[in-house]
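Read off the chains here:
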Amino acid sequence: MNQIIDRYNSHSKTLQRADEPSQLDLREDGNCTKLREELAEASLWLRQMRGEELQSLNVQQLQALEKSLESGLGSVLKTKSKKIMDEISELERKASESATDRGKFKAEGASVQDGDASCC
């Protein structure tokens, strides 16, 4: 009988401990809260980069945002220019190949005509 009571008491203590949050649970809650805050900050920053929710910014923050946008725009323009120049180079290369091919076809056509005349 004592064994049964001891097992019952032991099991009751285990259940009580299971109801209390563990250190791991508390750390996970802290990490979750931190990640939520980071997400909220990143979302606000993204909206501000889009030109939304700027009312709460002071002049220095607006200048920093402007500088960041100008830097990003500079990178976009540089990349765009490089891609356009690459496309122009590719088109020029293709045009040159086409001109070369046309010259070959004209030469082949002239030799075929010369061959037909000598044949008959």
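Scroll up to find the structure this text is about.
Residues numbered from 1 in each chain as written. Predicted model: local features only at pLDDT ≥ 70, side-chain atom pairs only at ≥ 80, totals over all residues. Heavy atoms only, no water.

Colleague: Requested: an account of the overall build of the protein, with residues and values cited.
Modeller: On a plain count of helices and strands, the protein comes out with 3 helices and 0 strands. The helix and strand sequence of the protein, counted from the amino end, reads α-α-α. The buried share of the protein, taken over its 120 residues, is 2%. Surface accessibility of the protein: about 11,000 Å² in total, with carbon and sulfur atoms responsible for 56%. (Helix = DSSP H or I, 4+ residues; strand = E, 2+ residues; numbered from the N terminus. Buried < 20%, exposed > 50% of the residue type's maximum accessible area, 1.4 Å probe, protein only. Areas by Shrake-Rupley, 256 points an atom, 1.4 Å probe, with all protein chains shown as cover.)

Colleague: So what about the pattern of salt bridges? Which residues, and what values?
Modeller: Close approach of charged atoms lets side chains of opposite charge pair. With the rule as written, the count across this model stands at 4 salt bridges. A salt bridge links Arg-93 to Glu-90, with the nearest nitrogen and oxygen atoms 2.3 Å apart. Here Arg-93 and its partner Glu-90 are both found in helix 3 (residues 59-119), 3 residues apart, which amounts to about one turn of the helix. On the accessibility criterion, Arg-93 (37% relative accessible area) is partly exposed. Classification of Glu-90 as partly exposed rests on a relative accessible area of 32%. Where Glu-97 meets Arg-93, a salt bridge forms, and the shortest distance between an N and an O atom there is 2.3 Å. In this pair, Glu-97 and Arg-93 both sit in helix 3, 4 residues apart, roughly one turn of the helix. Glu-97 gets classed as partly exposed once you look at its relative accessible area, which sits at 39%. (Salt bridge = Lys/Arg side-chain N within 4 Å of Asp/Glu carboxyl O.)

Colleague: Which residues make up unusual backbone geometry, and what values do they have?
Modeller: Positioned with a positive phi, Glu-53 is a non-glycine residue whose angle comes to about 55°. Assignment of secondary structure puts Glu-53 in the loop between helix 2 (23-49) and helix 3. Assessed through its relative accessible area of 38%, Glu-53 is described here as partly exposed.

Colleague: Explain the side chain of Gln-48 to me, using residue names and the numbers behind them.
Modeller: Position of Gln-48 among the secondary structure elements: in helix 2. For Gln-48, a relative accessible area of 10% translates into the label buried. Ignoring sequence-local partners within four residues, the contact set of Gln-48 consists of Glu-53, Leu-54, Ser-56, Leu-57 and Leu-65. (Contact = heavy atoms within 4.5 Å.)

Colleague: Quick rundown of a nonpolar patch on the surface? Include the residues and the values.
Modeller: On the surface, Met-1, Ile-4 and Ile-5 cluster together into a nonpolar patch covering about 350 Å² of accessible area. The residue Ile-5 is located in helix 1 (residues 2-19) in this model. With relative accessibility at 42%, the residue Ile-5 sits in the partly exposed group. (Patch = residues over 30% accessible without salt bridge, like charges linked within 9 Å, V, L, I, M, F, W, Y side chains within 5 Å.)

Purely geometric numbers; function is a separate question.
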